[in-house]
Amino acid sequence: MKKFIPTLLAVFIQVVACAIIVALLNMLDPNLFSGLLDDRFSGRSQKFAAEDLKFGIIVVFVSSIGLAILGSLVWLVYAAMKVVHHPKDVPALSPVWSANTLLFFLATIVLDYLLVGRFVYGLRVGYTVHVVLLGLLAFLVFYYPATFFATRPTMRPSVLFRNRLFARSQA
């Protein structure tokens, strides 16, 4: 059970932060996103299109953060279950961590692109990539710190840049 406490704590922090971000996005003025809308909307229909765009952006953020929580949970459970007695037994960058990150990163791209096409009707064509990139940024902001800080000490070398940032000086 002692191994799973950092995992559960990391997931709890991610869920709370996701709820805070969604609440903040809901408080934003929907007309803030009206610059991203197609030119065919005017007057009252622009208000509804802006609401729809805000809802679509929230859906993209929630899906990205949800995949980040799931991806970090998969990694943290794997890291907690793997039997390693010393950090030198782990490769500098674990292929499992890399594959997990890549898999969930690609899943985020695909899901966000599908969600933008499904939920956001009035978005200009050129801004679809921007919304997907915002979703990827949300994924990385939630995924990497969870795997960075919550990985147990014997598995820490397998997370990218973990040892370089926290290396002790050899004075």
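Reading the values: the criteria
Residues numbered from 1 in each chain as written. Predicted model: local features only at pLDDT ≥ 70, side-chain atom pairs only at ≥ 80, totals over all residues. Heavy atoms only, no water. Helix = DSSP H or I, 4+ residues; strand = E, 2+ residues; numbered from the N terminus. Contact = heavy atoms within 4.5 Å. Areas by Shrake-Rupley, 256 points an atom, 1.4 Å probe, with all protein chains shown as cover. Phe/Tyr/Trp six-rings, centres within 6.5 Å; stacked < 30°, edge-to-face > 60°. Buried < 20%, exposed > 50% of the residue type's maximum accessible area, 1.4 Å probe, protein only. Patch = residues over 30% accessible without salt bridge, like charges linked within 9 Å, V, L, I, M, F, W, Y side chains within 5 Å. Salt bridge = Lys/Arg side-chain N within 4 Å of Asp/Glu carboxyl O. pLDDT = per-residue confidence, 0-100. Core = buried A, V, L, I, M, F, W, Y, C linked by side-chain atoms within 4.5 Å. Polar contact = N/O pair within 3.5 Å; in protein donor to acceptor, adjacent residues only side chain to side chain.

Draft legend 1. Structural detail: the overall build of the chain. Secondary structure summary: the chain contains five helices and zero strands in total. Contacts spanning at least 24 positions in sequence make up 77% of the contacts within the chain whose residues lie at least 6 apart. Accessible surface, the chain as shown: approximately 10200 Å² in total, 71% of it carbon and sulfur.

Draft legend 2. Examining the packing of aromatic side chains more closely. Under the definition given, this model contains five aromatic pairs. Here the aromatic rings of Phe 139 and Tyr 143 are separated by 5.3 Å at their centres, their planes lie at 10°, and the arrangement is stacked. One end of the pair, Phe 139, and the other, Tyr 143, are both in helix H4 (residues 128-150), four residues apart, so they sit about a helical turn from each other. By the burial criterion, Phe 139 is buried, and Tyr 143 matches it. Taken together, the ring pairs connect Trp 97, Phe 105, Phe 139, Tyr 143 and Tyr 144 into an aromatic cluster.

Draft legend 3. The arrangement of a nonpolar patch on the surface in detail. Taken together, the side chains of Leu 9, Phe 12, Ile 13, Val 16, Ile 20, Leu 24 and Met 27 define a hydrophobic patch exposed on the protein surface, amounting to about 720 Å² of accessible area. Structurally, Met 27 is set in helix H1 (residues 5-27). The exposure class of Met 27 is exposed, given its relative accessible area of 65%.

Draft legend 4. Representation of the confidence of the model for the chain within the structure. The predicted model of the chain has a mean per-residue pLDDT of 76, with 69% of residues at 70 or higher. Across the chain, element-level confidence peaks in helix H3 (residues 95-119) with a mean pLDDT of 86 and bottoms out in helix H5 (residues 162-165) with 56.

Draft legend 5. Quick peek at the nonpolar core. If you look at the biggest cluster of nonpolar residues, it comprises 34 residues, and the most contacted ones within it are Phe 61, Ile 65, Trp 75 and Tyr 143. Residue assignment for this core shows that the elements contributing at least two residues are H1, helix H2 (44-81), H3 and H4. When near neighbours in sequence (up to four residues on either side) are disregarded, Phe 61 contacts Ile 21, Leu 25, Leu 134 and Ala 138.

Draft legend 6. Main features of the environment of Phe 105. Position of Phe 105 relative to the elements: it lies in helix H3. It is 8.3 Å that separates the C-alpha atoms of Phe 105 and Leu 140, two residues lying 35 residues apart in sequence. Ignoring anything within four residues of it in the chain, the contact list for Phe 105 reads Leu 136, Phe 139 and Leu 140.

Draft legend 7. Expanded view of the environment of Leu 136. Within the secondary structure, Leu 136 is located in helix H4. In this structure the C-alpha to C-alpha distance between Leu 136 and Leu 106, which are 30 residues apart in sequence, comes to 9.4 Å.

Draft legend 8. Spotlight on the side chain of Thr 147. By the secondary structure assignment, Thr 147 is in helix H4. A distance of 3.1 Å separates a polar side-chain atom of Thr 147 from the backbone oxygen of Tyr 144.

Draft legend 9. Molecular detail of the environment of Thr 128. Mapped onto the secondary structure, Thr 128 falls in helix H4. Separated by twelve residues in sequence, Thr 128 and Val 116 place their C-alpha atoms 6.8 Å apart.

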